[in-house]
Amino acid sequence: MTEIWNIREHPQMAEKAACWFHEKWQIPLEAYRESIRQCLKKESPVPQWYLALDGEEILGGLGVIENDFHCRKDLTPNVCAVYVEEAHRCRGIAGELQRHVCADMKEQGVDTLYLLTDHKSFYERYGWEFLCMVRGDGEPCLSRMYVHR
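## Re the packing of aromatic side chains
Reasoning step 1: Applying the stated rule across the entire model yields eleven aromatic pairs.
Reasoning step 2: Both rings, one in Phe122 and one in Tyr123, keep their centres 4.9 Å apart while their planes meet at 90 degrees; by these two values the pair is edge-to-face.
Reasoning step 3: The class of Phe122 is partly exposed, set by a relative accessible area of 21%.
Reasoning step 4: When the ring of Tyr123 is compared with that of Tyr146, the centres are 6.3 Å apart and the planes differ by 45 degrees; the resulting orientation is tilted. Here the residue Tyr123 occupies a position in the loop between strand S5 (113-117) and strand S6 (129-135), and Tyr146 occupies one in strand S7 (residues 142-148), the gap between them amounting to 23 residues. Taken as a pair, Tyr123 and Tyr146 share a single burial class, namely buried.
Reasoning step 5: Members of the aromatic cluster, each reached through a chain of ring pairs, are Trp20, Phe21, Trp25, Tyr32, Trp49 and Tyr83.

## A word on the sheet that holds strand S1 (residues 3-6)
Reasoning step 1: The sheet built from seven strands is open, its strands ordered S1-S2-S3-S4-S5-S7-S6 with mixed pairing. In the strand order of this sheet, the two ends are held by S1 and S6, each with one partner. This sheet shows a mean twist of 30 degrees between the axes of neighbouring strands, independent of strand direction.
Reasoning step 2: As defined by bridge partners, strand S4 (residues 78-84) adjoins S5 across two bridges and the pair is classed as parallel. Paired with Val79 across the two strands is Leu115, which belongs to S5.
Reasoning step 3: Its contacts with the sheet place helix H2 (residues 29-41) against strand S2 (48-54), strand S3 (57-65) and S4, and it is angled at close to 100 degrees to S2.

## Description of the environment of Phe130
Reasoning step 1: Checked against the element boundaries, Phe130 lands in strand S6.
Reasoning step 2: Its relative accessible area of 37% is what places Phe130 among the partly exposed residues.
Reasoning step 3: Linking Phe130 and Arg144, residues 14 residues apart in sequence, is a C-alpha distance of 7.0 Å.
Reasoning step 4: If sequence neighbours within four positions are ignored, Phe130 has contacts with Arg144, Met145 and Tyr146.

## A few points about the packing of helix H1 (residues 14-25) against H2
Reasoning step 1: Taken N-terminus to C-terminus, the directions of H1 and H2 make an angle of 140 degrees; their axes are 9 Å apart at the nearest point. When the interaxial angle is binned, H1 and H2 end up oblique. The chirality of how H1 crosses H2 is right-handed. Where H1 abuts H2, its residues Ala14, Glu15, Ala17, Ala18, Cys19, Phe21, His22 and Trp25 lie against Leu29, Tyr32, Arg33, Ile36 and Leu40.
Reasoning step 2: Of the residues belonging to the contact of H1 with H2, the class tally is ten nonpolar, one polar and two charged.

Conventions and cut-offs
Residues numbered from 1 in each chain as written. Predicted model: local features only at pLDDT ≥ 70, side-chain atom pairs only at ≥ 80, totals over all residues. Heavy atoms only, no water. Phe/Tyr/Trp six-rings, centres within 6.5 Å; stacked < 30°, edge-to-face > 60°. Buried < 20%, exposed > 50% of the residue type's maximum accessible area, 1.4 Å probe, protein only. Helix = DSSP H or I, 4+ residues; strand = E, 2+ residues; numbered from the N terminus. Pairing = 2+ DSSP bridges. Axes fitted to C-alpha atoms, helices over the stretch in contact; angles between N-to-C directions. Contact = heavy atoms within 4.5 Å. Parallel < 35°, antiparallel > 145°, perpendicular 65-115°, else oblique. Left-handed = near helix turned anticlockwise from the far one by under 90°. Nonpolar A, V, L, I, M, F, W, Y, C, P; charged D, E, K, R; others polar.

This is how it looks when you write it as structure tokens:
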């Protein structure tokens, strides 16, 4: 059975989560550690980190940060690092994570979220609307920016 955990409520998962996200996205491990440390302080709704778990196994995860490495600093906060392990895809885990994060952020007073992606049509299934094209930091091509209200 899949459970969605807010890392701020499960500090024992901080290091395992940081390592897992680093492995998936190749962003420096220390960047994830620092963002998760900020999340654990519970001083602000952003950043936040979430995991989909089956027992101790991480099936997927995502985060919410101020800016997901793009030029539109006004479009904030951003859902980032959305990933589901390949063996567990097509089971609704990404949808569960997205529903959970949107509800959790709304409870914390954040009604609008943004998401930068190269996917087409995937996020629309979960209530996201295409907003505009945005250039990611250091990227030659534009990516799709979505909004969830």
